[in-house]
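Examining the three-dimensional arrangement
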Amino acid sequence: KFTTWLGAGNIIMTTLRSMREMVDSVKAIDNSMVSLKKVTDETDKTYRRFLQGASKDAVQLGTTITSLIDASSTFARLGFNLPDAAELGRVASLYYNVADGVSSIDDASQDIVSIMKAYRLEASDAIDIVDKLNRVGNEFSISSGGLGNALRRSAAALAEANNDINQSLALITAANNVIQDPDVVGNMWKTV
């Protein structure tokens, strides 16, 4: 009898715990949508469509709906419209998932924004940035996250000195081969 009662109790507790986690997830998604609505001005229909797209994208990207909405909110706060912010949120989530050395979705978003602003790139170019960072990170002795961090520190100065993104990646990668510290390399190129 004890085993039966223990098994039934375990099933009940697991069900209650799952329901509690589901409620917490719904609250987190709602809070993220409220944050997004604060920085955008769209219709309810547009927000519903965005949430449905975010749900599908989160599954494809292996991330949570909440982090995808929060990443989109970050880009919307910077002045991007909702479709561009949604695309940039997807790209930042992809970058966070595929890049080594990126510690959070916020860092991924900051890397992408810094590079886009410095080189005056459009939202549609964001995936090219991730591709370049990932490719160089895979082929040379610097991580994708290290490249993003170094560019975050130095991209504006390198762009002002008439370097395009490819030249900047080459300069950072070459310097990092010797120094082996992307933070120092990024600060160095900003100073130079």
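Anyway, here's the lowdown on the structure attached to this text. (Residues numbered from 1 in each chain as written. Predicted model: local features only at pLDDT ≥ 70, side-chain atom pairs only at ≥ 80, totals over all residues. Heavy atoms only, no water.)

1. Points about the packing of helix α6 (residues 126-139) against helix α8 (residues 165-179)
As a packed pair, α6 and α8 sit with axes 11 Å apart at the nearest point and diverge in direction by 25°. Compared by their axis directions, α6 and α8 come out roughly parallel. In this structure, α6 meets α8 at a crossing whose hand is right-handed. In contact with Ile129, Lys132, Leu133 and Val136 of α6, α8 contributes Ile165, Asn166, Leu169 and Thr173. Among the residues forming the contact of α6 with α8, the class breakdown is 5 nonpolar, 2 polar and 1 charged. (Axes fitted to C-alpha atoms, helices over the stretch in contact; angles between N-to-C directions. Helix = DSSP H or I, 4+ residues; strand = E, 2+ residues; numbered from the N terminus. Parallel < 35°, antiparallel > 145°, perpendicular 65-115°, else oblique. Left-handed = near helix turned anticlockwise from the far one by under 90°. Contact = heavy atoms within 4.5 Å. Nonpolar A, V, L, I, M, F, W, Y, C, P; charged D, E, K, R; others polar.)

2. A short note on the packing of aromatic side chains
The tally for this structure, following the rule as stated, stands at 1 aromatic pair. Between Phe75 and Phe80, the aromatic rings sit 6.3 Å apart at their centres with planes inclined by 75°, giving edge-to-face as the arrangement. When sorted by exposure, Phe75 lands in the same class as Phe80, which is buried. (Phe/Tyr/Trp six-rings, centres within 6.5 Å; stacked < 30°, edge-to-face > 60°. Buried < 20%, exposed > 50% of the residue type's maximum accessible area, 1.4 Å probe, protein only.)

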